[in-house]
Amino acid sequence: MEDQGIIKDAVDKHGTENLIVVLGTPDAESAGIFAETVTIGDPAFSGPLAGVSLGLPVYHVLESEVKEAADPDVFEEEVGMMEISLDVEAISKEVSRFREKAEEIEDAG
Amino acid sequence: MFKGKKVLCIGERDGIPGPSIEKVVESAGGEPVLSVTQCFV
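Residues numbered from 1 in each chain as written. Chains lettered and ligands numbered in written order. Predicted model: local features only at pLDDT ≥ 70, side-chain atom pairs only at ≥ 80, totals over all residues.

J.: Can you help me understand the sheet that holds strand 2 (residues 58-60) of chain A in this one?
T.: Sheet strands line up and pair through hydrogen bonds in the backbone, either parallel or antiparallel. Here four strands make up an open sheet; going across it, the order is 2(A)-1(A)-1(B)-2(B) and the pairing parallel. Each having just a single partner strand, strand 2 of chain A together with strand 2 (31-37) of chain B make up the two edges of the open sheet. Each neighbouring strand pair of the sheet contributes to a mean axis angle of 20°, computed without reference to strand direction. Of the strand pairs in this sheet, strand 1 (residues 19-24) of chain A and strand 1 (residues 6-11) of chain B are connected by six bridges, and their pairing is parallel. Counted as the bridge partner of Val-21 of chain A is Leu-8 of chain B from strand 1 of chain B. On top of the sheet, helix 5 (residues 88-108) of chain A reaches strand 1 and strand 2 of chain A; it is set at about 170° to strand 2 of chain A, its chief contact. (Pairing = 2+ DSSP bridges. Helix = DSSP H or I, 4+ residues; strand = E, 2+ residues; numbered from the N terminus. Axes fitted to C-alpha atoms, helices over the stretch in contact; angles between N-to-C directions. Contact = placed C-beta atoms within 7 Å.)

So, in structure tokens, the structure goes:
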């Protein structure tokens, strides 16, 4: 909850243009909640981002788009083990769903 | 895709911590401007 305030402060400081969110959540459900919070707004309507549609592009660190952009050695060293143990396909599917919504928000705005 | 972009790295204790995300993002040419390792919901 308090991190929502930290995120909101960072967005206020840097603006939403040229800003990307990268998540490290352990499963699809939590990835979806985090992704929803930084795109549509806090789904629980209880934190500083309740009703705040930031529309930020959001990725999970294990998604193929991030892996392809990163240095292979660094990726392997930092998140290689988690790539094996987590359900990357389910996480990617959930996060990309909200990424599409963020694009819709950006197009509308 | 990260070149010239500022990045909020939101890690989680049970998943991947913020500092690891930071290193991956930096290696991809992004600029981490925030790194946290918690659950904010």
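J.: Whenever I open this one, the interface of chain A and chain B confuses me. Can you help?
T.: Interface size, as often reported, equals the accessible area lost upon joining of the parts. Contact residues are listed per partner, giving 33 residues for chain A and 30 residues for chain B. When residues of the side of chain A that touches chain B are traced back to their parent elements, those giving at least two are helix 1 (2-14), strand 1, helix 2 (28-39), helix 3 (64-69) and helix 4 (72-85) of chain A. Counting residues per element, the side of chain A that touches chain B draws most heavily on helix 1 of chain A, at seven residues. Across the side of chain A that touches chain B, the residue classes tally to 21 nonpolar, seven polar and five charged. (Nonpolar A, V, L, I, M, F, W, Y, C, P; charged D, E, K, R; others polar.)

J.: What should I look at first to understand the confidence of the model for chain B in this one?
T.: In low-pLDDT regions, the fine details of the predicted coordinates are not to be read closely. When pLDDT is averaged across chain B, the result is 92; 93% of the residues are at 70 or more. Model confidence for chain B, summarised as mean pLDDT per element, is weakest for strand 2 of chain B at 96 and strongest for helix 1 (residues 18-27) of chain B at 98. (pLDDT = per-residue confidence, 0-100.)

J.: Honestly, the pairing of strand 2 of chain B in this entry has me stumped. Any pointers?
T.: All names here are of chain B. Judged from the six bridges that link them, strand 1 and strand 2 form a sheet pairing that is parallel. Each residue of the ladder has a partner; that of Val-7, found in strand 2, is Pro-32. Handedness of the crossover joining strand 1 and strand 2 through helix 1 is recorded here as right-handed. (Right-handed = clockwise from strand over helix to strand, strands pointing away.)

J.: Would you explain helix 4 of chain A in this entry?
T.: Residues that lie three or four places apart on an α-helix share one face, since the helix turns once every 3.6 residues. The end-to-end C-alpha distance of helix 4 of chain A, which contains 14 residues, comes to 18 Å, matching closely the 20 Å that a straight helix rising 1.5 Å per residue would cover. If you look at helix 4 of chain A, its biggest bend is around 70°, right at Val-79 of chain A. Every buried residue belonging to helix 4 of chain A is among Phe-75, Glu-78 and Val-79 of chain A, and all of these are buried. On its buried side, helix 4 of chain A packs onto helix 3 of chain A together with helix 1 of chain B. (Expected span 1.5 Å × (residues − 1). Bend = angle between axes of the 7 residues up to and from the residue. Buried ≥ 20, exposed ≤ 12 C-beta atoms within 10 Å, placed from the backbone.)

J.: Can you walk me through the environment of Leu-23 of chain A in this structure?
T.: Along the chain, Leu-23 of chain A turns up in strand 1. C-alpha of Leu-23 of chain A to C-alpha of Ser-85 of chain A: the two residues are 62 residues apart in sequence and 16 Å apart in space. Ignoring anything within four residues of it in the chain, the contact list for Leu-23 of chain A reads Ala-31, Phe-34, Ala-35, Val-58, His-60, Val-61 and Val-95 of chain A together with Ile-10 of chain B.

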